[in-house]
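Fold and contact review
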Amino acid sequence: MEALRSEWEGMPLVVVHGEIDHANMADFARALEPLVEDGAQRLIVDLRDVTYIDSGGLSVIYSVLRRLPEDGWLGAVGARSDVRRILEIGGLTGHAAFRLFPSLDEVRGALAS
Amino acid sequence: MRGRCLTVTKISPELDRLADARRLVEEISREARLDEERAYNLKVAVSEACANAIEHSGSQDEISICAWLLDDRLLIEIKHPGEFRLARAGTGNSHRGLGLPLMVALMDEVTINRTPEGGTTVSLSLFLP
């Protein structure tokens, strides 16, 4: 797994490649947690190239969501259908601070409204 | 058991070996002709069961993964000499317990047995038409 930090429209963007599992979930956490610690209100995680996620990745995301400020959110972009299924079964899609977007275009749309 | 044993594979109890377990499940899924969705679900469930053994059982022994194609199901058994535990004390992260619920949600049947020797067998079943 690779997690690369970047920026998009003034928001922190993390682009993740590969499989997120219990072996590398700490690396995934290390890519996201500093952003929250630095005070990010919203962050985008690009999951287009993520081929696998399980409870390890889910728990990292939950941990980040818990630490976001009120009204903050984490936007997951481009999740493949298998990955999306795990995010749903894991309860993330029902979480107020978690947003699922097919692409960055939809994020732009959400920010505009 | 009446059926065909597809594989008996051992992996050492290290988290880096989880990827090997997933590649093994991909092969098993191909041989059992699972559709993409069930194949992915099986990959997650097996990876979760192995991760649980590695992270929480305290066992240093190898984990064995046995796959059986039975009359009515694909059965994967994950066996290790340690105990089944939900989490280590003091992990401090309330969402660490998602592995078992995920296994149960993704599989048609999950059983967890304590073997007479004190070890654990996690059995994952996908019913076949």
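Our structure is the block above this text.
Below you will find a few notes about this structure. Counting starts from 1 at the beginning of each chain's written sequence and moves along it residue by residue. Each chain takes a letter, starting from A, and each ligand takes a number, starting from 1, following the order in which they are written. Where totals are concerned, whole chains, interfaces and linings use all residues; where local detail is concerned, this predicted model gives features only for residues with pLDDT of at least 70, and gives and counts side-chain atom pairs only at 80 or more. Note that the side-chain values use all heavy atoms of the structure and ignore hydrogens as well as water.

**Remarks on the packing of helix 1 (residues 18–31) of chain B against helix 2 (residues 36–56) of chain B**
Think of two packed helices as two axes; the pair is described by the angle between the axes and how far apart they sit. Residues and elements named next belong to chain B. Going by this rule: Inter-axis angles, ranging from 0 to 180 degrees, are taken between N-to-C directions of lines fitted to C-alpha atoms, where helices are fitted over the stretch in contact. Helix and strand labels come from DSSP, where a helix needs a run of H or I of at least four residues and a strand needs a run of E of at least two; each type is numbered from the N terminus. Handedness of a crossing follows from how the near helix is turned relative to the far one, being left-handed for an anticlockwise turn of less than a right angle and right-handed for a clockwise one. Contacts are assigned to residue pairs with any non-hydrogen atoms lying within 4.5 Å of each other. Any residue outside Ala, Val, Leu, Ile, Met, Phe, Trp, Tyr, Cys, Pro, Asp, Glu, Lys and Arg is labelled polar, Gly included; the first ten of those are nonpolar and the last four are charged.
Packing of helix 1 against helix 2 brings their axes to within 9 Å, and their N-to-C directions diverge by 145 degrees. Pair helix 1 / helix 2 crosses with right-handed handedness. Note on element contacts: helix 2 touches helix 1 through Ala-39, Leu-42, Lys-43, Val-46, Ser-47, Cys-50, Ala-51 and Ile-54, opposite Leu-18, Ala-21, Arg-22, Arg-23, Val-25, Glu-26 and Ser-29. Considering only residue class, the contact of helix 1 with helix 2 consists of nine nonpolar, two polar and four charged.

**Overview of the pattern of salt bridges**
All names here are of chain B. Just so we agree on the cut-off: Here, a salt bridge means any Lys or Arg side-chain nitrogen found within 4 Å of an Asp or Glu carboxyl oxygen. Each residue is placed in one exposure class: buried if its accessible area under a 1.4 Å probe, protein chains only, is under 20% of its type's maximum, exposed if it is over 50%, and partly exposed if it falls in between.
For the structure shown, the criterion picks out 22 salt bridges over all chains. Salt-bridge contacts for Glu-26 lead to Arg-23; the nearest nitrogen and oxygen are separated by 2.9 Å. Taken together, the residues span about one helical turn, with Glu-26 and Arg-23 both in helix 1 at a distance of three residues. On the basis of relative accessibility, which here comes to 26%, the residue Glu-26 falls in the partly exposed class. Taking relative accessible area as the criterion, Arg-23 reaches 32% and is therefore assigned partly exposed. Note that Glu-77 is salt-bridged to Lys-79, the shortest N-O span being 3.5 Å.

**Some thoughts on unusual backbone geometry**
All names here are of chain A. You will see that Glu-9, though not glycine, has its phi angle at about 50 degrees, which is positive. Residue placement: Glu-9 occurs in the loop between strand 1 (2–8) and strand 2 (11–20). Given a relative accessible area of 52%, Glu-9 falls into the exposed group. Phi at Asp-71 is positive, roughly 75 degrees, even though this residue is not glycine. Looking at where Asp-71 falls in the secondary structure, it is placed in the loop between helix 2 (55–67) and strand 4 (73–77).

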